[in-house]
2 protein chains.
Amino acid sequence: AISNDDLLVVSVATNETDGYLRFIRSLNVYGYNHETYGLGQPWKGGNIQFTAGGGQKINFLRENLVRYKDDTTKIILFSDSYDVMFTQTPESLLEKFEKFKPARVIFGAEDFCWPDQNLQYEYPFVESNEKRFLNSGGFIGYASDIYEMITSKEKIEDDEDDQLFYTKIFLDKNLRDKWSIVLDKKADIFMNLNGAVDEVELPLRNDEVYIHNSWTDSDPIVIHGNGPAKRSLNYLSNYIARTWSSNAGCLQCKENVIDLTKIDDQEQWPLVYIAAFIEYPTPFLEEYFEKILNLTYPKKRLAIFIHNQVEYHKNLTDKYMSTFKENEYKFVKYFNYDDDTTEGEARQQAITECQEDTCDYLFVIDSVVQLDNPDTLLKLISLNRTILAPMLMRPEKTWSNFWGDYTEEGYYRRSPDYLDIINYNKTGLFNVPHISNCYLINGTFLKKFTPQYIDPSIDPDVKFSQSIRDAGFFLYVNNELAYGHLMDPDNFNTSLIIPELYEIFTNFLDWKSRYIHPDYYKSLEPNATFQQPCLDVFWFPVVTKRFTEDLVDLMEKFNRWSGSAHNDGRLAGGYENVPTDDIHMTQVGLNDHWLYFLKEFIQPIQQKLYTGYFSDPPKAELNFVVRYMPEYQSKLRPHHDASTYTINIALNDVGKDYEGGGCRFLRYNCTIAATRRGWTLMHPGRLTHFHEGLPVLKGKRYIMVSFIDP
Amino acid sequence: AISNDDLLVVSVATNETDGYLRFIRSLNVYGYNHETYGLGQPWKGGNIQFTAGGGQKINFLRENLVRYKDDTTKIILFSDSYDVMFTQTPESLLEKFEKFKPARVIFGAEDFCWPDQNLQYEYPFVESNEKRFLNSGGFIGYASDIYEMITSKEKIEDDEDDQLFYTKIFLDKNLRDKWSIVLDKKADIFMNLNGAVDEVELPLRNDEVYIHNSWTDSDPIVIHGNGPAKRSLNYLSNYIARTWSSNAGCLQCKENVIDLTKIDDQEQWPLVYIAAFIEYPTPFLEEYFEKILNLTYPKKRLAIFIHNQVEYHKNLTDKYMSTFKENEYKFVKYFNYDDDTTEGEARQQAITECQEDTCDYLFVIDSVVQLDNPDTLLKLISLNRTILAPMLMRPEKTWSNFWGDYTEEGYYRRSPDYLDIINYNKTGLFNVPHISNCYLINGTFLKKFTPQYIDPSIDPDVKFSQSIRDAGFFLYVNNELAYGHLMDPDNFNTSLIIPELYEIFTNFLDWKSRYIHPDYYKSLEPNATFQQPCLDVFWFPVVTKRFTEDLVDLMEKFNRWSGSAHNDGRLAGGYENVPTDDIHMTQVGLNDHWLYFLKEFIQPIQQKLYTGYFSDPPKAELNFVVRYMPEYQSKLRPHHDASTYTINIALNDVGKDYEGGGCRFLRYNCTIAATRRGWTLMHPGRLTHFHEGLPVLKGKRYIMVSFIDP
Ligand SMILES: O=C(O)CCC(=O)C(=O)O
Ligand SMILES: O=C(O)CCC(=O)C(=O)O
Ligand SMILES: [Fe+2]
Ligand SMILES: [Fe+2]
Ligand SMILES: [Mn+2]
Ligand SMILES: [Mn+2]
Ligand SMILES: [Mn+2]
Ligand SMILES: [Mn+2]
């Protein structure tokens with residue numbers, strides 16, 4: 001039998017694109033002998049993605065295969081490289097080749113007759129599940145036959161079409177018989193994806209993903225993303241050729257990784273330019289900056305380039321500019337909002353800066369990106385891709401910073417694995433057609449290629465991905481780690497006093513991070529214990545210090561305190577029996593938000609503490625911030641609340657901000673004087689828990705009170 | 001000066017009526033010398049209340065005063081007796097008499113010219129505030145003059161008019177001058193009340209009540225209830241002539257009292273016939289009979305005569321007939337409801353029985369009378385009156401068993417002191433024009449007079465009082481003790497299963513007595529302590545065993561148990577989450593009653609136990625009796641109630657009527673298993689007091705549950 005030593009895979013490539021490297025990797029994975037011709041040479045074969053061309057390929061072959069011209073045992077497999085992957089061993093391939101005997105040259109086949117459709121009528125007829133037309137992206141045959149065939153015509157121009165050349169040989173009955181040429185009608189070896197994507201299945205065999213053609217019932221080996229099917233090959237390339245293992249998952253994630261931590265001298269670490277884009281008002285920008293500052297990377301090997309188009313964010317951005325400087329970033333560059341740089345120009349400029357300074361990486365981070373994981377940058381570098389995005393989602397939404405697929409018109413479309421990827425059912429590296437918001441670009445790549453952002457007809461990020469794809473480079477997304485998430489800036493209303501307080505619906509995760517006490521979550525654990533300072537009065541941390549500051553700040557700026565009036569136009573009944581000097585959440589437009597807070601954070605605790613009481617959602621009409629001052633209303637006389645249960649959150653510090661105060665439950669003769677900022681009391685409102693607010697002797701005491709289930 | 005020895009009060013009376021005795025008492029009170037002529041003689045002077053007459057009085061005087069005919073120092077004061085009272089000392093009287101000098105004979109005066117109105121023009125003129133016309137009910141003068149005057153005409157017939165006789169003498173100028181006769185125009189001595197009642201004031205002097213004439217500005221001494229003014233005199237007689245003292249109250253209450261307890265041999269005690277009249281359906285008849293049985297009096301000296309016209313009461317009356325017999329009443333006589341005796345006939349018959357058997361007292365007790373005070377009979381006997389009623393009221397209503405006054409037409413009217421009497425601001429004996437329902441009649445009186453009940457045009461009790469009044473006897477009411485009260489039978493619906501359960505509105509006091517636990521009231525005391533078997537679960541007695549029996553009896557007879565269905569047409573929402581096998585109070589028409597119970601008995605305790613919680617009135621839509629049985633619904637799974645607080649009353653006895661059961665509060669890991677019949681649990685309904693009904697293992701467990709303030 002023929003052995004692997006007799007088989008040589010040859011291809012023509014002038015440029016080491018990501019596609020070429022992928023091709024070579026697939027050959028190496030299965031141990032093919034292979035040679036590439038033309039590397040580093042200028043390409044003169046035209047843009048064969050969109051028009052005919054490629055005659056130069058034949059000329060490279062003639063030049064290089066001459067040395068095998070008399071070899072009648074060597075088997076040559078020619079293949080395109082940028083858009084091809086091998087998916088089985090040489091042994092499997094040769095076995096199939098032998099089955100074609102007595103044929104000596106086999107061409108791949110497809111359903112389209114290209115580049116001259118008029119020739120289709122000259123093709124022999126085939127069965128309905130067979131491919132009729134020749135595709136020259138891949139063929140196999142004995143070296144002597146191949147060489148005769150490619151040299152059978154005296155001359156071919158570099159920009160003539162190679163496929164037309166082979167087609168004419170095949171359609172000439174004499175020539176066909178001379179070399180015993182057949183088409184691989186049933187795709188036993190060659191699978192040309194164009195127009196046949198739907199025939200492809202991805203069965204698992206021994207933990208490995210193969211290609212099965214369900215139409216021809218074959219398992220093709222050489223997978224060719226010809227023409228517009230490149231997109232499909234990119235998709236398949238995430239799985240086939242031992243890229244993926246059903247047990248081990250992403251195999252390519254472990255290939256060629258870079259471990260910077262092995263470089264002890266941090267001065268030797270790559271220089272990363274961070275490009276920060278603040279193009280529209282964005283909530284939680286403080287956290288955005290803080291998370292960039294928190295990246296685990298030597299600050300001296302970081303530089304930051306900030307584009308801020310938003311006047312509202314000027315002060316904060318200025319502040320963080322200084323902070324970056326204090327942190328000894330290599331440099332801190334700033335396009336201020338009053339520059340007239342557009343988003344596209346700014347993004348393009350970031351590329352240029354990196355190119356000019358010969359930075360090692362450009363790390364793009366838009367303002368909507370919250371890099372919760374400080375190891376993000378290290379991990380992205382380690383994965384060693386040309387362009388790589390950490391997967392980021394809007395929490396609880398199917399909204400990601402990448403597209404799994406796109407339509408013919410260039411719009412977002414889901415790939416079959418999109419939901420598995422965003423839900424972390426599949427984790428790894430995924431070749432995708434579009435990424436945005438956050439990605440790392442390899443500086444070496446920028447030396448040979450300049451991604452484009454500026455196009456008057458499309459968005460800068462769409463243009464970016466397109467320019468990369470069109471150049472045959474890949475956009476990867478990785479979801480091996482939880483890197484962070486995306487903000488939803490849509491409802492962010494900067495005309496509010498503290499706009500982030502209102503973000504509980506739109507950006508719940510960030511709201512929680514800023515405003516929910518980290519220890520709150522302990523209360524949710526199954527065996528959590530609770531402090532019970534008075535009988536059936538419970539006490540637990542619920543909001544952060546930041547929350548108490550922001551809420552008091554909001555109320556003091558709003559400043560329409562009720563003045564302890566009994567007659568209260570804010571109430572349905574118009575009358576408050578035991579009035580406090582307060583501002584209601586309704587007045588500052590926060591009532592719905594507060595009700596949501598109650599449902600999310602208070603109700604679960606209530607259900608643990610007062611077993612068997614269910615009221616969903618908790619209802620509350622009276623949610624208010626109370627202010628006590630000795631010179632004004634300093635206390636609240638004994639009363640019951642109009643509630644089933646009440647929460648009473650301390651908003652500032654006794655002993656520091658004020659003296660005195662506290663809450664006393666008269667029936668139990670029990671006082672909680674040393675209240676804790678950010679902690680809430682939870683107590684029954686009516687009947688048993690008659691209570692009073694004790695006099696504040698100095699300073700101001702603030703509390704947030706809700707009467708729940710009145 | 002003239003001394004008391006010179007003064008003699010003379011009067012004419014054939015019959016020792018109550019009025020006569022009152023007259024004599026007033027003379028004795030002030031120490032007058034007095035003589036009465038004609039006692040025991042037949043009266044031939046006509047009915048001078050309605051027509052002229054009274055000549056016989058003059059004839060008695062002629063006959064008796066002859067012995068003083070020459071006495072020129074003795075002063076004779078003639079006075080009517082049945083309708084007169086003396087109200088000051090002889091000294092005061094004589095002093096005033098001397099002021100009339102040189103007049104030697106003084107007649108009382110009034111504003112009516114009687115019996116011959118034509119004579120009015122012959123009278124001398126007087127000032128506007130003076131009385132112009134002679135009244136012969138009282139006059140004073142020297143014995144010799146008086147004798148001359150009454151004998152100045154040869155003969156006078158017994159039925160001629162005495163006043164006309166004196167009038168003619170006065171109008172004869174010669175005769176007038178002869179004995180120097182004047183009229184007491186300014187009522188210095190004589191006050192004739194007819195037409196002058198409004199002139200009367202009752203000032204206090206030295207703790208004693210006097211008559212002041214505000215018109216003539218005098219303090220008259222001899223008060224004459226002439227003609228229709230007898231009623232007014234009866235009223236005044238409750239105060240004047242040392243009958244009343246502003247400090248000591250009722251003085252006559254201490255006069256002539258009978259103390260039976262001094263008679264050791266009870267066989268010697270007076271024989272009292274009780275006459276019991278059940279003329280219409282009456283609530284709480286059991287208690288009525290029980291209270292009669294409880295009278296502190298030797299049973300052998302009691303007999304009972306029962307008239308029952310009501311079929312509904314037959315069984316109970318039969319039962320108590322037996323009980324009276326067992327108690328060795330002297331006799332028990334029974335006119336059953338199927339006799340056709342009318343009310344009037346029965347009442348009249350009771351009089352007859354007493355007269356024939358020569359009973360010592362007849363004690364009338366109608367079915368509406370609740371003699372709460374067992375000493376009532378003893379006290380009434382002790383007060384030693386002809387006819388005496390214990391004051392009885394419908395509680396909280398101005399409805400009594402006596403009238404203070406009556407109109408010309410004979411209808412109920414209040415006297416000036418009516419409200420003071422019924423409110424016990426004045427306590428004592430009161431001469432009133434009408435009594436009913438309950439009174440003690442002296443048997444001696446019945447020997448000489450037969451009160452009348454039968455009159456086709458008026459009610460038996462109205463006829464009774466009228467017949468007594470008209471005969472010159474008095475009807476007294478006494479309110480020195482709280483004797484008991486009257487039922488309101490108006491809304492008593494004998495078609496109900498247990499009609500008394502529904503009497504909480506109409507006969508609240510009796511409802512309470514039968515149904516409210518006697519120890520309940522201790523819980524109302526200021527420093528009451530409460531059992532607290534579980535935290536904030538309180539436990540106190542509230543209803544009697546009788547209540548629990550009656551309610552369970554009602555529900556079992558009604559018998560439409562819900563069958564523990566989730567879908568409950570009795571509820572507004574139609575759905576019960578944690579259903580019991582129960583009957584709602586609404587179903588048996590008791591819901592309003594129960595709400596009243598909650599307000600009266602539960603709310604005051606709630607306010608003590610759950611300080612500061614006010615909800616007035618307590619609201620409750622779900623009030624129901626639950627039945628647990630092992631073979632059916634034996635328990636209730638953990639739940640909260642639709643209430644602010646709940647009461648849960650045990651309706652039968654654990655260990656006796658059933659085994660198992662009880663109420664468990666899961667959050668406090670606390671069980672109340674040994675529940676107490678008639679005691680209620682009171683516990684918060686929602687939030688803190690998650691609870692369950694534990695399985696009944698044997699028998700039936702009944703509870704009454706209210707979800708208060710849902
Ligand atoms: O001052 C306090 O902690 C009590 C406040 C309170 O009871 C209320 O606002 O209803
Ligand atoms: O069985 C008991 O005592 C509890 C009854 C109860 O909880 C209810 O009816 O709601
Ligand atoms: Fe409160
Ligand atoms: Fe319950
Ligand atoms: Mn190709
Ligand atoms: Mn308020
Ligand atoms: Mn008279
Ligand atoms: Mn029910």
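Residues numbered from 1 in each chain as written. Chains lettered and ligands numbered in written order. Predicted model: local features only at pLDDT ≥ 70, side-chain atom pairs only at ≥ 80, totals over all residues. Heavy atoms only, no water.

This paragraph deals with the packing of aromatic side chains. Going through the model one piece at a time under the given rule, you end up with 99 aromatic pairs over all chains. Judged by centre distance (6.1 Å) and plane angle (75°), the ring pair of Tyr312(A) and Phe492(A) falls under edge-to-face. Here Tyr312(A) is found in the loop between strand E17 (302–308) and helix H9 (314–326), whereas its partner Phe492(A) is found in the loop between strand E29 (485–486) and helix H15 (508–515), with 180 residues between them in sequence. According to the relative accessible area criterion, Tyr312(A) is partly exposed, its value standing at 38%. Grouped by ring-pair contacts, the aromatic residues Phe505(A), Phe508(A), Trp511(A), Tyr515(A), Tyr520(A), Tyr521(A), Phe547(A), Trp594(A), Tyr596(A), Phe597(A) and Phe601(A) constitute a single cluster. Its guanidinium or amino end placed over the ring of Phe170(B), Arg176(B) lies 4.8 Å from that ring's centre, counting from NZ or CZ. Residue placement shows Arg385(B) over the ring face of Tyr476(B); its charged tip is 5.0 Å from the ring centre. (Phe/Tyr/Trp six-rings, centres within 6.5 Å; stacked < 30°, edge-to-face > 60°. Helix = DSSP H or I, 4+ residues; strand = E, 2+ residues; numbered from the N terminus. Buried < 20%, exposed > 50% of the residue type's maximum accessible area, 1.4 Å probe, protein only. Lys NZ or Arg CZ within 6 Å of the ring centre and 35° of its normal.)

Moving on, we get to the site of ligand 2. Residues and elements named next belong to chain B. With respect to spatial proximity, 14 residues lie near ligand 2, and among them Tyr628, Asp641, Asn648, His691 and Arg701 are the closest. Within the contact set of ligand 2, an oxygen atom lies 3.1 Å away from a side-chain nitrogen or oxygen of His639. Here an oxygen atom of ligand 2 sits 2.8 Å away from a polar atom, N or O, in the side chain of Arg701. Among the secondary structure elements, those contributing two or more residues to the shell around ligand 2 are strand E33 (622–628), strand E34 (636–639), strand E40 (691–693) and strand E42 (701–708). The element that contributes the greatest number of residues to the shell around ligand 2 is E42, accounting for four residues. Class assignment for the residues of the shell around ligand 2 results in seven nonpolar, five polar and two charged. (Near = heavy atom within 4 Å. Polar contact = N/O pair within 3.5 Å; in protein donor to acceptor, adjacent residues only side chain to side chain. Nonpolar A, V, L, I, M, F, W, Y, C, P; charged D, E, K, R; others polar.)

The next subject is the packing of helix H15 (residues 508–515) of chain B against helix H17 (residues 591–609) of chain B. Residues and elements named next belong to chain B. Viewed as axis vectors pointing N to C, H15 and H17 meet at an angle of 75°, and their least axial separation amounts to 13 Å. If you check the angle between H15 and H17, you find them roughly perpendicular. Contacts from Phe508, Trp511 and Lys512 of H15 reach H17 at Tyr596, Phe597, Glu600 and Phe601. Each residue belonging to the contact of H15 with H17 can be placed in one class, and the counts come to five nonpolar, no polar and two charged. (Axes fitted to C-alpha atoms, helices over the stretch in contact; angles between N-to-C directions. Parallel < 35°, antiparallel > 145°, perpendicular 65-115°, else oblique. Contact = heavy atoms within 4.5 Å.)

What follows covers helix H5 (residues 162–171) of chain A. Note on helix geometry: an α-helix contains 3.6 residues per turn, so any two residues three or four positions apart are oriented the same way. All names here are of chain A. With eight of 10 residues buried, H5 is to be regarded as a mostly interior element. In this structure, the buried side of H5 is in contact with helix H2 (55–65), strand E5 (105–110), strand E6 (133–142), helix H4 (143–150), helix H6 (173–178) and strand E7 (181–184). Residue Asp161 occupies the N-cap position of H5, its side-chain oxygen lying 3.1 Å from the main-chain nitrogen of Gln163.

A separate point is the nonpolar core. In this structure, Phe363(B) and Phe597(B) are the most contacted members of the largest nonpolar core, which totals 170 residues. Ignoring any residue separated from it by four or fewer positions in sequence, one finds Phe363(B) in contact with Val272(B), Tyr273(B), Ile274(B), Ala275(B), Leu295(B), Leu371(B), Thr376(B), Leu377(B), Leu380(B), Cys438(B), Tyr439(B) and Leu440(B). Judged by nonpolar contacts, the second largest core, of 169 residues, contains Leu27(A), Leu233(A), Leu380(A) and Ile498(A). (Core = buried A, V, L, I, M, F, W, Y, C linked by side-chain atoms within 4.5 Å.)

Let us now look at the coordination of the manganese ion (ligand 7). Residue and element names in this part refer to chain B. Surrounding the manganese ion (ligand 7) are the protein donor atoms Asp80 (OD), Asp83 (OD) and His224 (NE2), which sit 2.3 to 2.4 Å from the metal. The sequence motif formed by the donor residues of the manganese ion (ligand 7) is D-x2-D-x140-H. The same class applies to Asp80 and to Asp83, which are both buried. (Donors = N, O, S within 2.8 Å, 3.2 Å for Na, K, Ca; no water.)

Let us now look at the interface of chain A and chain B. With 19 residues of chain A at the contact, the number on the chain B side is 19 residues. Carbon and sulfur atoms make up 66% of the surface buried where chain A meets chain B, a total of about 1500 Å² over both sides. Of all residues in chain A, Thr611(A), Arg667(A) and Leu687(A) give up the largest surface area on contact with chain B, accounting jointly for 38% of the area buried on that side. Where chain A touches chain B, the interface holds two salt bridges. Where Arg667(B) meets Asp536(A), a salt bridge forms, and the shortest distance between an N and an O atom there is 3.0 Å. Applying the counting rule to chain A against chain B returns 10 residue pairs in polar contact (both at pLDDT 80 or more). Class assignment of the residues belonging to the side of chain A that touches chain B gives a composition of 10 nonpolar, six polar and three charged. (Buried area = accessible area lost by both parts, 1.4 Å probe. Salt bridge = Lys/Arg side-chain N within 4 Å of Asp/Glu carboxyl O.)

What follows covers helix H1 (residues 18–30) of chain A. All names here are of chain A. End to end, H1 covers 19 Å across 13 residues, agreeing with the expected 18 Å (1.5 Å per residue, within 8%). Counting buried residues along H1, 10 of its 13 residues qualify, which places the element largely inside the surrounding structure. Among all positions in H1, only Asp18, Gly19, Tyr20, Arg22, Phe23, Ile24, Arg25, Ser26, Leu27 and Tyr30 are buried. Positive phi shows up at Gly31, right after H1, with a value of about 80°. (Expected span 1.5 Å × (residues − 1).)

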